[in-house]
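In case you want the letters, here they are:
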Amino acid sequence: MEQKQLDELTATLGDIHAGVSRVREHLQMHDQQLEALRGDFDRLRRLQGGPVPAAAAAGRVSEACARHLAAVVIAGALKSGRLDALPSSPRENLAGLCREVLGAEYKAALTATDIPLPTQFSGEIVELVAQYGAARRYGTVFPLGAGVVKLPRLKTDPVFGLIAMSAGVPEKSPQLELVTLSASKWGGLIRLPAEIEADSVVAMGQFLARYAARQLARIEDVVFFTADGTGTYDGLQGLTKSTLTNGMVSQMAATKTRYSDSTLGNWRALRAVPDAAVLGGAAYYCHPSFEQHLAGFNTSGDRPYNAHAAQGATLDGFPVRWVDTLPPYSTAANAAKVFALFGDLSYQYLAVRGGVNIAASVEAAFSTDEILVRALERFTIGLMATGAVAGLQTAAS
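Please read these numbers as outputs of a predicted model, since none were measured by experiment.

Draft legend 1. The overall build of the protein, seen in detail. The number of helices and strands found in the protein is 10 helices and 13 strands. Residues classed as buried in the protein amount to 39% of the 397 residues present. Put simply, 79% of the contacts in the protein that link residues at least 6 apart link residues at least 24 apart. Roughly 20900 Å² of accessible area belongs to the protein as shown, and the carbon and sulfur atoms make up 54% of that amount.

Draft legend 2. Structural detail: the environment of Val179. Among the secondary structure elements, Val179 is positioned in strand 3 (residues 175-182). Separated by 202 residues in the primary sequence, Val179 and Ile381 place their C-alpha atoms 9.9 Å from one another.

Draft legend 3. Just the sheet that holds strand 13 (residues 389-393), in detail. With mixed pairing, the seven strands of this open sheet are ordered in space as 5-13-10-6-9-8-7. Edge positions in the sheet fall to strand 5 (249-251) and strand 7 (305-309), since each of these pairs with one other strand and no more. Each strand axis lies, on average, 30 degrees off the axis of its neighbour in the sheet, ignoring direction. Relative to strand 9 (residues 318-322), strand 6 (residues 283-286) runs parallel, the two sharing three bridges. Pairing of Tyr284 across the sheet is with Val320, part of strand 9.

Draft legend 4. Focus on the pattern of salt bridges. With the rule as written, the count across this model stands at four salt bridges. For Arg136, the salt bridge identified is with Glu377, shortest N-O distance 2.7 Å. With Arg136 in helix 6 (residues 135-138) and Glu377 in strand 12 (residues 370-383), this residue pair connects regions lying 241 residues apart in the sequence. Here the residues in one salt-bridge network are Arg136, Glu220 and Glu377, joined through shared partners.

Draft legend 5. A nonpolar patch on the surface, seen in detail. A cluster of nonpolar residues, Leu6, Leu9, Leu13, Ile16 and Val20, forms a patch on the protein surface that exposes about 430 Å² of accessible area. Relative accessible area serves as the criterion here: at 47%, Ile16 is assigned to the partly exposed category.

Draft legend 6. Focus on the packing of aromatic side chains. For the structure shown, the criterion picks out 14 aromatic pairs. Between the aromatic rings of Trp267 and Tyr284, the centroid separation amounts to 5.8 Å while the plane-to-plane angle is 50 degrees, which identifies the pairing as tilted. Pair noted here: Trp267 is in helix 9 (residues 264-269) and Tyr284 is in strand 6, with a separation of 17 residues, a long-range link. Measuring from centroid to centroid gives 4.8 Å for Tyr284 and Phe342, while their planes differ by 55 degrees, and the two rings are tilted. Of this pair, Tyr284 sits in strand 6 while Phe342 sits in strand 10 (residues 338-343), and the two are 58 residues apart along the sequence. Accessibility classification places Tyr284 together with Phe342 in one group, the buried group. The rings of Tyr259, Trp267, Tyr284, Phe290, Phe318, Tyr329, Phe339 and Phe342 are connected pair by pair, giving a single aromatic cluster.

Draft legend 7. Spotlight on the layout of surface pockets. Roughly 290 Å³ of internal volume is contained in the largest pocket. Lining the largest pocket are 15 residues, and of these Arg153, Val179, Ile381, Gly382 and Leu383 sit closest to its centre. Within the residue set of the lining of the largest pocket, elements represented by two or more residues are strand 3, helix 8 (239-245) and strand 12. Looking at side-chain class alone, the lining of the largest pocket contains five nonpolar, nine polar and one charged residues.

Draft legend 8. View of the confidence of the model for the protein. Per-residue confidence for the protein gives a mean pLDDT of 82; residues scoring 70 or more make up 78%. Here residues 47-55 is a poorly scored stretch, pLDDT under 50, and it has 19 contacts once near neighbours within four places are set aside; other chains count.

Draft legend 9. Molecular detail of unusual backbone geometry. Unlike most non-glycine residues, Asp316 shows phi in positive territory, near 55 degrees. Within the secondary structure, Asp316 is located in the loop between strand 8 (312-315) and strand 9. Here Ala336, not a glycine, exhibits a phi torsion of approximately 55 degrees, which is positive. With relative accessibility at 31%, the residue Ala336 sits in the partly exposed group.

Draft legend 10. Layout of the nonpolar core. Residues Val61, Leu69, Val73, Ile125, Leu208, Ile358 and Val373 are the most contacted members of the largest nonpolar core, which totals 30 residues. Elements supplying a minimum of two residues to this core: helix 2 (63-80), helix 3 (88-102), helix 5 (119-132), strand 4 (184-193), helix 7 (201-226), strand 11 (348-360) and strand 12. Considering every element that reaches this core, the biggest residue donor is helix 2, with eight residues. Apart from residues no more than four positions distant in its own chain, Leu208 is found in contact with Leu69, Val73, Ile190, Leu192 and Val373.

Draft legend 11. How the structure looks around the side chain of Ser262. By the secondary structure assignment, Ser262 is in the loop between strand 5 and helix 9. At 3.1 Å, the side chain of Ser262 forms a polar contact with the side chain of Trp267. For Ser262, the side chain forms a polar contact with the side chain of His293, separated by 2.9 Å. With residues up to four places along the chain from it excluded, the contact list for Ser262 reads Met252, Trp267, His293, Phe297, Phe339 and Leu392.

Draft legend 12. Region of interest: the environment of Trp322. As for its position among the elements, Trp322 is in strand 9. Take Trp322: its relative accessible area is 26%, and that puts it in the partly exposed class. In sequence terms Trp322 and Ser289 are 33 residues apart; their C-alpha atoms lie 8.7 Å from each other. Beyond its immediate chain neighbours, meaning those up to four positions away, Trp322 contacts Cys286, His287, Pro288, Phe290, Glu291, Leu294, Tyr305 and Ala313.

Thresholds applied
Residues numbered from 1 in each chain as written. Predicted model: local features only at pLDDT ≥ 70, side-chain atom pairs only at ≥ 80, totals over all residues. Heavy atoms only, no water. Helix = DSSP H or I, 4+ residues; strand = E, 2+ residues; numbered from the N terminus. Buried < 20%, exposed > 50% of the residue type's maximum accessible area, 1.4 Å probe, protein only. Contact = heavy atoms within 4.5 Å. Areas by Shrake-Rupley, 256 points an atom, 1.4 Å probe, with all protein chains shown as cover. Pairing = 2+ DSSP bridges. Axes fitted to C-alpha atoms, helices over the stretch in contact; angles between N-to-C directions. Salt bridge = Lys/Arg side-chain N within 4 Å of Asp/Glu carboxyl O. Patch = residues over 30% accessible without salt bridge, like charges linked within 9 Å, V, L, I, M, F, W, Y side chains within 5 Å. Phe/Tyr/Trp six-rings, centres within 6.5 Å; stacked < 30°, edge-to-face > 60°. 1 Å grid on protein atoms, 1.4 Å probe; cavity = no way out; pocket = protein on both sides within 12 Å on 5 of 7 lines; lining within 4 Å. Points joined across faces, edges and corners; volume = space filled by probe spheres on them. Nonpolar A, V, L, I, M, F, W, Y, C, P; charged D, E, K, R; others polar. pLDDT = per-residue confidence, 0-100. Core = buried A, V, L, I, M, F, W, Y, C linked by side-chain atoms within 4.5 Å. Polar contact = N/O pair within 3.5 Å; in protein donor to acceptor, adjacent residues only side chain to side chain.

Following this line, the structure appears as structure tokens:
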């Protein structure tokens, strides 16, 4: 009897041990699933969710954005073997930082060429572009829902008039034309040394963000203001060219081929060229080096230029906005050139497709032991009202 009870107890203990093993297996499986869910949630949060982290200061991105940009570069360097020369401990520290920052994307980074920049971080780069560039401050940023978008623009504007009693009402047929906005790709490569220290990650990310933002802002401004319609700019015409094409210029008198020849009368005459409807929001646009030339208009009791108005510099009460990419002041001959603008630039669209794309190159610059970071943006421009902006042009000869 005792042996039978012992056998039953042994069998019961075996069942208990087997049950405990199954519970442990289930718990282990649940832990793995929970860890996978946490990873997926973190990845989703980085790509889509959460508020945009505020930049630490003007002209900078948040530390999280800087760390992400640096991690993209480091992941590319690890993949290409650029960091193999480092001692194992610093290399593992950098790899650990990538795993922490990129999470589930880190594994993909070692097998793919690009890591997508999360939406909120792309937005921080775009905010920096807006701080550095004039096109985004003064133009209208229009998001393109497709690579090519056609928008209507008023071509003819028949006016209403008097209608006699019992007379027929004349038909007014305004004509429209389509402005085709086709996004072009702009950007370049940023060269970085392969010697990366873990304690310089944030600084490197800040450098990448600021440098990319400055360069993207500059190419936006160049295209927006001075693109000449050639293949260099994908056939796009900036405002100094489109004002000529549209006949919206005020040309200086014969022989006045120098920017320095422009008089206060020339700058005032420019205001009569654009449509009167835009005068309420119009401003002058010129290179900052014209400041001393405009100040020269203040003679005797006539002081039309005010360098310290409440909203910045003004000429006859109209704002003067400085744009680095417009032609600088010069005393040399520049025949038939538009060098200053007047009007409402909100009618000039800066049409953007998606956000800023930043990725690290894997194979480039192998011979120099450097890392190349690619910054790209797709955008185009389009003037939605040809009478909104006019240009001040030097004489043809």
